[in-house]
Amino acid sequence: MERLSRQPGGGGLNLLQKALWFVTGRPKLSTVEHWPRDNSYAGVAVSETSVLALSAAWACVNLLAGTIASLPLMVYRVDRSGNRVADKEHPLYRILHDSPNADQTAMEFWEGGNTAIELRGAMHAHKETMGGRLVALTPMNDPTCRRTETGRLLYRWVENGEAREAYEEDVFRVRGFLGGMSTISAGRQVFGLATAVNTASQTTFANGMRPSGVLTVPGVLKPDQREPLEKALGDKFIGSVNAGRPMLLEAGVTWQQLTINPEDAQMLESRAFSVEEVARLFGVPPHMIGHTEKSTSWGTGLEQQTLGFVQFTLRKRLKRIEQAIAKQLLTPADRAAGVTVEFNLEGLLRGDSAGRAAFYQSGLQNGWTTINEVRALEGKPPVAGGDVPRMQMQNVPITEATNPVAPSPAP
C-alpha cells in the first residue's frame, strides 16, 4: 500500500512548476521504508533540490528521464491478417504519443514523470474523462495516499491552490523499484557525503587564500606592522579571481611554495569517487555522464557498457511503464482485441547511422523486414516492388528461396 506524507501547499502554478509538474513540492518519505530524506551522516540535508544540485545526479536523472521520454510510445493492434500494426486511430495513441494534456507534449509529460520515478519512487497522473472516455492525463503534484475502509486507495493533492482527491481507478501511477522506493531515500548517505564534499570545496574557494605558500620575514613583526600586511594580503590575494596574481616582496620577506596538502588531495579523490557512487545508484555507466577518468572516451568497452545500459537499466524502466499502461489504461475490450502499448527502441538508433544501417541490412538480407518498411522508418515514400520480403546473399524473393524451381529434365 502506498503511504506518502506531505502537507498540501497553496498557490498557483508558475512556468517552472509546470515544467517540473511531477516533482515540485515539499520532500516526502519513501513509500516503502519511510526513511527521512533530510538526514545524512554527513550532517547535510538531502532533498530533491540538493540532489539535483550535484552534477552527477543531475546528469543521471536527465539522461534516464530524457532518453525514455524521447522514445516513441506506440499503440499496436492485430489486424485481420494476424499482423501487428500501429493503431494511430486508437484514442490512446494521441494521448501517449503526441500530447497527454493541453499544457504538455508527450516528451514533457514522460520526462517529468520519469524524473518523479527516479527522485520520489513513483509518478501519478489524474485520468481526465469525458463521457466515460479517457481524454487526458494531468500530472498530480506529490499526492498523498491512504486506503479507505472499503479497500480502495484514495489520493489527495493540490492543483492550482485547490485541494483535490480521486480514487485509484481515476489515477494513473507508475511505481519504481520495490513498489516505490525512491533513489534519494535509499542513497541519502551517498548524496549527503557528495553534497558535503562539494560544500567544503566551495567554501575553500569562497574563503579564498588557501595556504599555498608561506611568507617569511626576518625577526618578529609588531602588531602595527602585522595588521596592515595581513589586510593587504587579504585585499589583493583572497578569492579565486585573484589566483596567480603576482606578489611584490621587500624588506627581506621571502616566499616558500607549499604543495597540495593531503586533506585537499583526499577531498579531490572523494569528489571523483562520489561521481561513481551516484552513477552506481542510478545504474548509469560513468562515461555516459562525462566521467571518463578510469577509461578511454572511445572504444569497444564503452560500446558494450552503453549496450548494457539499454539492456539492464532502460529495459526494466520501460517495462514498468508499459505494464502500468496495459493494466490501468487499456480496457478489457482492448486487451481482448490484442491492443498493446510499447516503446519503440529503434528511436535509439536515430543518431547512429552505422548501427542503423547494420540493423536494416540484417532485416533485409534475412527476410524479416522489407524495403518499404525500412523506407517508412527513414521517412521516405514506398517504391514499386518494395513490399516483397527477400532473402540473404542472392537477394531473391523469399518465395523463390523456399520453393526453388525444379530443374528441367535432360533431353
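Residues numbered from 1 in each chain as written. Predicted model: local features only at pLDDT ≥ 70, side-chain atom pairs only at ≥ 80, totals over all residues. Heavy atoms only, no water.

K.L.:
What is the right way to look at the overall build of the protein in this model?
P.N.:
Scanning the protein for helices and strands turns up 14 helices and 11 strands. The buried share of the protein, taken over its 411 residues, is 36%. Pairs at least 24 apart in sequence give 62% of the contacts found in the protein among residues at least 6 apart. Carbon and sulfur atoms form 55% of the exposed surface of the protein, whose accessible area is close to 24,100 Å². (Helix = DSSP H or I, 4+ residues; strand = E, 2+ residues; numbered from the N terminus. Buried < 20%, exposed > 50% of the residue type's maximum accessible area, 1.4 Å probe, protein only. Contact = heavy atoms within 4.5 Å. Areas by Shrake-Rupley, 256 points an atom, 1.4 Å probe, with all protein chains shown as cover.)

K.L.:
Is there a simple way to think about helix α3 (residues 55–70) in this case?
P.N.:
Quick reminder: α-helices carry 3.6 residues per turn. Residues three or four places apart thus point the same way. Its 16 residues place the ends of α3 22 Å apart at the C-alpha level, agreeing with the 22 Å of an ideal helix rising 1.5 Å per residue. Within α3, the full set of buried residues consists of A56, A57, C60, V61, L63, L64, A65, G66, T67, I68 and A69. (Expected span 1.5 Å × (residues − 1).)

K.L.:
I keep staring at the confidence of the model for the protein and nothing clicks. Help me out?
P.N.:
Caution is warranted with low-pLDDT regions, since their predicted coordinates should not be read in detail. Averaged over all residues, the pLDDT of the protein equals 76, while 65% of them reach at least 70. Averaged over each element, pLDDT in the protein is lowest for helix α1 (residues 15–19) (45) and highest for strand β8 (residues 171–175) (96). Taken together, the stretch residues 24–37 has pLDDT below 50 and engages in 54 contacts with residues farther than four places along the chain or on a different chain. (pLDDT = per-residue confidence, 0-100.)

K.L.:
Teacher, can you tell me more about the nonpolar core here?
P.N.:
Grouped burial of nonpolar side chains is what soluble globular proteins tend to show. Core analysis: the largest hydrophobic core is formed by 52 residues, its most contacted members being L96, W110, L137, F172, F282 and I325. Formed by 7 residues, the second largest nonpolar core is a distinct cluster that contains M140, L153, Y155 and W157. (Core = buried A, V, L, I, M, F, W, Y, C linked by side-chain atoms within 4.5 Å.)

K.L.:
Explanation requested: the pairing of strand β7 (residues 162–167) in the structure shown.
P.N.:
For a regular strand, the rule is simple: side chains alternate between the two faces of the sheet. Two strands pair when backbone bridges link them, and strand β6 (residues 153–159) and β7 are joined in this way by 6 bridges, in the antiparallel orientation. Looking at β7, one finds that E159 is bridged to E162. (Pairing = 2+ DSSP bridges.)

K.L.:
Hey, could you run me through the sheet that holds strand β5 (residues 144–147) in this one?
P.N.:
The strands making up a sheet are joined through hydrogen bonds of the backbone, oriented either antiparallel or parallel. Pairing within the open sheet is antiparallel, and its 3 strands lie in the order β5-β6-β7. For this open sheet the edge positions go to β5 and β7, each flanked by a neighbour on one side alone. Here the strands of the sheet are splayed against their neighbours by 20 degrees on average, with no regard to which way each runs. Pairing geometry for β5 and β6, over 4 bridges, is antiparallel. Counted as the bridge partner of R146 is L154 from β6. (Axes fitted to C-alpha atoms, helices over the stretch in contact; angles between N-to-C directions.)

K.L.:
Got a minute to help me understand the pattern of salt bridges in this structure?
P.N.:
Pairs may arise between side chains of opposite charge once their charged atoms sit close together. For the coordinates displayed, the defined rule picks out 10 salt bridges. Residue R120 pairs with D142 through a salt bridge whose shortest N-O separation is 3.4 Å. Note that R120 is positioned in helix α5 (residues 106–120) and D142 in the loop between β4 (133–139) and β5, a separation of 22 residues in sequence. (Salt bridge = Lys/Arg side-chain N within 4 Å of Asp/Glu carboxyl O.)

K.L.:
Can you help me understand the environment of N101 in this one?
P.N.:
Among the structural elements, N101 can be located in the loop between α4 (91–98) and α5. Sequence-wise, N101 and V135 are 34 residues apart; in three dimensions their C-alpha atoms are separated by 8.0 Å. Every residue in contact with N101, bar those within four places of it in the chain, is listed here: F109, A136, L137, T138 and P139. One polar contact links the side chain of N101 to the main-chain amide nitrogen of D103, over a distance of 3.0 Å. One polar contact links the side chain of N101 to the main-chain amide nitrogen of Q104, over a distance of 2.9 Å. (Polar contact = N/O pair within 3.5 Å; in protein donor to acceptor, adjacent residues only side chain to side chain.)

K.L.:
Can you help me understand α5 in this one?
P.N.:
Between its terminal C-alpha atoms α5 stretches 21 Å, which fits the 21 Å expected from 15 residues at 1.5 Å a residue. Judged by how many residues are buried, α5 sits mostly within the fold: 12 of 15 residues are covered. All buried positions along α5 are accounted for by A106, F109, W110, G112, G113, N114, T115, A116, I117, E118, L119 and R120. Phi turns positive one or two residues past the end of α5, at G121, with a value near 95 degrees.

K.L.:
Explain the pairing of strand β1 (residues 73–78) to me, please; I cannot follow it from the model alone.
P.N.:
In terms of strand pairing, β1 meets strand β11 (residues 340–343) through 4 bridges, oriented antiparallel. Residue pairing across strands places M74 opposite E342, the latter belonging to β11. The sheet contact formed by β1 and strand β2 (residues 84–86) spans 3 bridges and is antiparallel. Residue pairing across strands places Y76 opposite A86, the latter belonging to β2. In this antiparallel pair of consecutive strands, β1 and β2, the connection spans 5 residues, and G82 shows a positive phi of 85 degrees.

K.L.:
Teacher, can you tell me more about the packing of aromatic side chains here?
P.N.:
Both the distance between ring centres and the angle between the ring planes are used here to describe each pair of aromatic rings. Counted by the stated rule, this structure contains 5 aromatic pairs. Pairing F359 with W368 gives two aromatic rings, centres 5.5 Å apart and planes at 65 degrees, and the pair type is edge-to-face. For F359, a relative accessible area of 30% translates into the label partly exposed. By the ring-pair criterion, three or more aromatic residues cluster together here, those being F109, W110 and F172. Over the ring of Y76 we find R84; its NZ or CZ atom is 4.0 Å from the centre of that ring. Directly above the aromatic system of Y167 lies the positively charged group of R152, at a separation of 3.8 Å from the ring centroid. (Phe/Tyr/Trp six-rings, centres within 6.5 Å; stacked < 30°, edge-to-face > 60°. Lys NZ or Arg CZ within 6 Å of the ring centre and 35° of its normal.)

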